[in-house]
Amino acid sequence: MQAITVQDRSTGLAGLSLTEEPYPHAAENDVIVRVHAAGFIRTEIDWPATWTDRAGRDRTPSVLGHDVSGVVVELGYGTTGLTVGQRVFGLTDWARNGSLAEYVAVEARNLAPLPAGVEHTVAAALPISGLTAWQGLFDHGRLTAGQTVLVHGAAGSVGSLAVQLACEAGARVIGTGRARDRDTALGLGADVFLDLQADSLEDAGQVDVVFDVIGGDVLDRSAALVRPGGTLVTIVSPSTVRPQDGRTIFFVVEPDRDRLADLARRLRDGRLRPIIGAVRTLAEAPAEFTQHTSGKTIIRVADDE
């Protein structure tokens, strides 16, 4: 099968290539998915799990990409809950070969059924970004109706979903980003938008939750905006700043089949809309790791069915 792989850490993104790889093996509780669409994160090449397995052993050549949408073509021993021919979407394990390939082996528990009528290219934009947005807002931020949340990067792949989910939950949403993101963020439901290059971040006032996807100075300055008892949530890196009488949480997204299914229903019903940027072919994927377009870049591997 064809796949996008990396083999030499020292070459960085220049080492990405389209190669022929063996068909994956379905381990116990796995399924093999014929990939129709996949997503990736541009920093994957820097992750330790891209280069080693859970035991710390070299696993190159490694297939990149961890968002997947496709069709189940094979069940591993003991696998339950999914069937051959079923449309599914979800995320692959960080320390195993990923979704930028024609086929991928995935733990069944990391996948959810994909409702009829939802295109694979749309579904592939949802797993990592959607779960990250939900877990950041509600599992870690404990956001509730009537509270105020400050969402940095409100027009990005994660932030745009966080804005929509927070609005539906009855929260007041302040979004941030660049000037070009204003209309997008407000169109998604944000009550207020702050241009991080022209406006004062402190104009946001006091908030109950900060959801950060930027880090650095923006993260540090956000701590002072959190009300007593509130939470500063970041997905960038562990933070040394902490709100007065509040919490700071750094987290990495975790698989959750039930939440994926819930997000898929919202997508099907038109209550949630991922922002998709470019849609490229598998052969074009290596070049996309160096591009910084608005929205999530999706790799179309096979035609929708």
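Residues numbered from 1 in each chain as written. Predicted model: local features only at pLDDT ≥ 70, side-chain atom pairs only at ≥ 80, totals over all residues. Heavy atoms only, no water.

Asks: Explain the side chain of Q164 to me, please; I cannot follow it from the model alone.
Replies: Examined against the element boundaries, Q164 turns out to sit in helix α3 (residues 159-168). If sequence neighbours within four positions are ignored, Q164 has contacts with L188, R271, L272 and R273. (Helix = DSSP H or I, 4+ residues; strand = E, 2+ residues; numbered from the N terminus. Contact = heavy atoms within 4.5 Å.)

Asks: Would you take a moment to explain the nonpolar core for this structure?
Replies: Soluble globular proteins tend to pack their nonpolar side chains together in the buried interior. Core analysis: the biggest nonpolar cluster contains 41 residues, and F89, L137, L143, V149, L165 and F211 have the highest contact counts within it. Counting residues per element, the ones that place at least two in this core are β6 (87-91), α2 (127-140), β9 (148-151), α3, β12 (207-212) and α6 (257-268). Among the elements that make up this core, the one with the highest residue count is α2 (six residues). Aside from chain neighbours lying at most four places away, what touches L165 is G130, A133, W134, L137, F138, L263, R266 and L272. (Core = buried A, V, L, I, M, F, W, Y, C linked by side-chain atoms within 4.5 Å. Buried < 20%, exposed > 50% of the residue type's maximum accessible area, 1.4 Å probe, protein only.)

Asks: Help me understand α6 in this model?
Replies: Residues spaced three or four apart along an α-helix point in a common direction, a consequence of the helix completing one turn every 3.6 residues. Spanning twelve residues, α6 covers 16 Å between terminal C-alpha atoms, matching the ideal 16 Å at 1.5 Å per step. Among all positions of α6, only L260, A261, D262, L263, A264, R266 and L267 are buried. If you follow the buried residues of α6, they end up packed against β6, β8 (111-113), α1 (120-123), α2 and α3. N-cap assignment for α6: the residue whose side-chain oxygen lies 3.2 Å from the backbone N of D258 is D256. Where α6 terminates, the next one or two residues include G270, which has phi positive at roughly 80°. (Expected span 1.5 Å × (residues − 1). Polar contact = N/O pair within 3.5 Å; in protein donor to acceptor, adjacent residues only side chain to side chain.)

Asks: How should the packing of α2 against α6 be read in this particular structure?
Replies: Where α2 meets α6, the closest approach of the two axes is 10 Å, and the angle between their N-to-C directions is 105°. Taken as axis vectors, α2 and α6 run roughly perpendicular relative to one another. In contact with P127, G130, L131 and W134 of α2, α6 contributes R259, L260, D262, L263 and R266. Grouping the amino acids of the contact of α2 with α6 by side-chain chemistry returns five nonpolar, one polar and three charged. (Axes fitted to C-alpha atoms, helices over the stretch in contact; angles between N-to-C directions. Parallel < 35°, antiparallel > 145°, perpendicular 65-115°, else oblique. Nonpolar A, V, L, I, M, F, W, Y, C, P; charged D, E, K, R; others polar.)

Asks: What's the story with the sheet that holds strand β14 (residues 247-250) in this structure? I'm lost.
Replies: Pairing between sheet strands relies on hydrogen bonds along the backbone, with the strands arranged either parallel or antiparallel. Here six strands make up an open sheet; going across it, the order is β11-β10-β9-β12-β13-β14 and the pairing parallel. Whereas interior strands pair on both sides, the edge strands pair on one side only; in this sheet they are β11 (192-195) and β14. Put simply, the sheet's adjacent strands are angled 15° from each other on average, direction ignored. Sheet topology note: the β12/strand β13 (residues 226-234) ladder contains five bridges and is parallel. (Pairing = 2+ DSSP bridges.)

Remember that the coordinates give geometry; whether it matters functionally is a separate question.
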